[in-house]
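# Coordinates in review
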Protein chains: 2
Amino acid sequence: MYTLWYWPTIPGRGEFIRLPLEAAGIDYEDCARTRGVDALVADMKRHGGRGPFAPPYLEYDGLVIAQVATILAFLGTQHGLAPSRLGDRYWLTQVQLTIADCVTEVHNVHHPVEPGAYYADQQTEAARAAHQFRETRLPKFLAYLEGVATANAGDWVIDNRWTYADTSIFQLVEGLRYMFPKRMAAIEQEYPGVIAIRDQVAALPELRAYLKSDRRLPFNQDGIFRHYPELDAA
Amino acid sequence: MYTLWYWPTIPGRGEFIRLPLEAAGIDYEDCARTRGVDALVADMKRHGGRGPFAPPYLEYDGLVIAQVATILAFLGTQHGLAPSRLGDRYWLTQVQLTIADCVTEVHNVHHPVEPGAYYADQQTEAARAAHQFRETRLPKFLAYLEGVATANAGDWVIDNRWTYADTSIFQLVEGLRYMFPKRMAAIEQEYPGVIAIRDQVAALPELRAYLKSDRRLPFNQDGIFRHYPELDAA
């Protein structure tokens, strides 16, 4: 069984790991939720120089794997959640890392000048960052993902089955809809391939059950995707 | 021969690719420098939905690989620049992605609120971002890399030979010294393992020649690492 370590009260980056684990029916313990956040802080220190820089990380059989894209590449290889052709694997990693870049920029929107301080201390700066993100960066990322979605003849990012890139697109769209409901409502119909993948992931039988369960953490104002109405506009 | 595409006038993220190519004596064309930046812009559009989100990217035998960590993982596998044990490969990818996160935060220091605008338009905000980066984030990243450097019994990140993680540590230290000379002078002796790896990379025979050549682009005020004296302090 895998042990997954991530902050217990936000979906954050951990959700990009939980989704393929749940969709593939892979057994895991979400340790900070079962054992508490103090256990996470203690576990982080346990690994010394070979430890993670930050959560999420996954432990299995003595391996400690951090960074979302690395964890997903590992799970993809172990459980057939990635394509078998090497070129396709590199392609999937690129897509995942670009999604990760978007997630980092999303966090930067509400914490542009001091990641360690409160939103209230940088609200003016966040308004400027949000404007440029909504107008420039968000359409650029979505257009890239629309290209990804439509480059494949099948219904998914690769071939005719879901991979971790599809579950990540789902989570990104969900987060963006939560954080920028007006902006997403205004533009998301321009990216039908992205939304189709989002809908297909939501309809996966294992995920439908998970998404209704209390294991699925709701977005909230402590996470990466936060809904501050003043940062949104059509 | 590989074709590498990156902005032709800055070291930026491209340098993390050039260094292991040069150190391993791998033949490549740095296309935007030989053909001009218009050729880069045209090439970006050529690949459709399977193209890169942004430079750098590497082309080889029909493959288009973007994202620094993915390119390095590919080169590592193809040319023995990565360890053979799977657990070590995942470890190296994590280290590289954490260095990439630091590079992203460095860029955010001088462009905290509007990545598409000029530094002059966000100088006040950059001063705040720089303060927190110098005081909190920089020591955190360097302490992580010191743990990485000292966790291995050998002189390098892994085993007894250089990998792309070592060349990336070199480039990160060089960039940080350029951008924050006062701060780095004040704290870098606390991270002797990191500096030792930096020095060993600089002394690699192939790199010594490269670093003196005009192929090695100097840091400058258009790149990711920029020296604005007002953003530095001991």
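Residues numbered from 1 in each chain as written. Chains lettered and ligands numbered in written order. Predicted model: local features only at pLDDT ≥ 70, side-chain atom pairs only at ≥ 80, totals over all residues. Heavy atoms only, no water.

Identification of chain A as Glutathione S-transferase from Sphingomonas donggukensis is taken from an unreviewed UniProt entry.

What follows is about the overall build of chain A. When its secondary structure is counted, chain A shows 10 helices and 4 strands. The linear arrangement of helices and strands in chain A, starting from the amino end, is β-α-β-α-α-β-β-α-α-α-α-α-α-α. Counting only C-alpha atoms and orienting by the principal axes, one finds that chain A spans roughly 45 × 45 × 35 Å. Here chain A, with 234 residues, has 62% of them falling under the buried criterion. Put simply, of all contacts in chain A between residues at least 6 apart along the chain, 73% involve residues at least 24 apart. (Helix = DSSP H or I, 4+ residues; strand = E, 2+ residues; numbered from the N terminus. Buried < 20%, exposed > 50% of the residue type's maximum accessible area, 1.4 Å probe, protein only. Contact = heavy atoms within 4.5 Å.)

Right, let's get into the sheet that holds strand S4 (residues 63-66) of chain A. Residues and elements named next belong to chain A. Pairing is mixed across the open sheet formed by 4 strands, whose spatial order is S2-S1-S3-S4. Each edge of the sheet is formed by a strand with only one pairing partner; in this case those strands are strand S2 (28-30) and S4. The sheet shows a mean angle of 20 degrees between the axes of neighbouring strands, taken without regard to direction. Two elements, strand S1 (residues 2-5) and S2, share 3 bridges in a ladder whose sense is parallel. Its bridge partner being in S2, Thr 3 is matched across the sheet by Glu 29. Set on the sheet, helix H1 (residues 15-23) makes contact with S1 and S2; between it and S2 the angle comes to about 145 degrees. Contacting S1 and strand S3 (57-60), helix H3 (residues 37-46) runs over the sheet at an angle of about 70 degrees to S3. (Pairing = 2+ DSSP bridges. Axes fitted to C-alpha atoms, helices over the stretch in contact; angles between N-to-C directions.)

Quick look at the relation of the copies chain B and chain A now. When chain B is fitted to chain A, the residual RMSD is 0.0 Å, and the transformation amounts to a turn of 180 degrees plus an axial shift of 0.0 Å. Such values leave the two copies arranged in the relation of a two-fold axis. Among all residues of chain B, the minimum C-alpha distance to the rotation axis is found for B:Pro112, at 2.7 Å. Both copies share a contact surface, since 100% of the interface residues of chain B are interface residues in chain A too. (Least-squares fit on C-alpha atoms with pLDDT ≥ 70 in both.)

It is worth spelling out the interface of chain B and chain A at this point. With 48 residues of chain B at the interface, the matching set in chain A holds 48 residues. Across the interface of chain B and chain A, roughly 4,000 Å² is buried in total on both sides, 56% from carbon and sulfur atoms. The tally of links from chain B across to chain A stands at 6 salt bridges. Note that A:Asp88 and B:Arg50 form a salt bridge whose closest N and O atoms lie 3.1 Å from each other. Viewed at the interface, chain A and chain B are joined by 24 residue pairs in polar contact (both at pLDDT 80 or more). (Buried area = accessible area lost by both parts, 1.4 Å probe. Salt bridge = Lys/Arg side-chain N within 4 Å of Asp/Glu carboxyl O. Polar contact = N/O pair within 3.5 Å; in protein donor to acceptor, adjacent residues only side chain to side chain.)

The next point concerns the UniProt feature "domain: GST C-terminal" (unreviewed entry) in chain A. This chain's UniProt record puts "domain: GST C-terminal" (unreviewed entry) on residues 81-219 of chain A. Taken end to end, residues 81-219 of chain A is 69% helix and 0% strand, and its two terminal C-alpha atoms sit 26 Å from one another. (UniProt positions renumbered as here; feature names shortened; annotations may be inferred.)

Residues and elements named next belong to chain B. Pairing is mixed across the open sheet formed by 4 strands, whose spatial order is S2-S1-S3-S4. Each edge of the sheet is formed by a strand with only one pairing partner; in this case those strands are strand S2 (28-30) and strand S4 (63-66). Strand-to-strand twist in this sheet, taken as the mean axis angle between neighbours without regard to direction, amounts to 20 degrees. Its contacts with the sheet place helix H1 (residues 15-23) against strand S1 (2-5) and S2, and it is angled at close to 145 degrees to S2.

So, on to the pairing of S4(A). Residues and elements named next belong to chain A. Bridging between S3 and S4 involves 4 bridges; their strand directions are antiparallel. Directly across from Leu 58, in S4, lies its bridge partner Ile 65. Taking the residues that link successive antiparallel strands as the turn, the S3-S4 hairpin has 2 residues, and the phi of Asp 61 there is positive, at about 55 degrees.

If you walk through the whole model with that rule in mind, you get 20 aromatic pairs over all chains. A ring pair is formed by A:Phe133 and A:Phe180, whose centres lie 5.5 Å apart and whose planes are at 25 degrees; its orientation type is stacked. Remark: A:Phe180 occurs in the loop between helix H7 (164-179) and helix H8 (181-187) and A:Phe133 occurs in helix H6 (residues 123-151); sequence separation between them is 47 residues. Residues A:Phe133 and A:Phe180 agree in their burial class; the two are buried. What links up through ring pairs into an aromatic cluster is the set A:Tyr2, A:Tyr60, A:Phe74 and B:Tyr90. The ring of B:Phe53 has A:Lys140 lying over it, and the distance from NZ or CZ to the ring centre is 5.1 Å. (Phe/Tyr/Trp six-rings, centres within 6.5 Å; stacked < 30°, edge-to-face > 60°. Lys NZ or Arg CZ within 6 Å of the ring centre and 35° of its normal.)

What follows deals with the UniProt feature "domain: GST N-terminal" (unreviewed entry) in chain A. UniProt's feature table lists "domain: GST N-terminal" (unreviewed entry) at residues 1-83 of chain A, given in the numbering used throughout. End C-alpha to end C-alpha, residues 1-83 of chain A measures 23 Å, and it is 43% helix and 18% strand.

Here we take up a nonpolar patch on the surface. Residues and elements named next belong to chain A. Residues Trp 7, Val 37 and Val 41 make up a contiguous nonpolar surface patch of about 230 Å² in total accessible area. By the element assignment, Trp 7 lies in the loop between S1 and H1. Classification of Trp 7 by relative accessible area gives partly exposed; the value is 35%. (Patch = residues over 30% accessible without salt bridge, like charges linked within 9 Å, V, L, I, M, F, W, Y side chains within 5 Å. Areas by Shrake-Rupley, 256 points an atom, 1.4 Å probe, with all protein chains shown as cover.)

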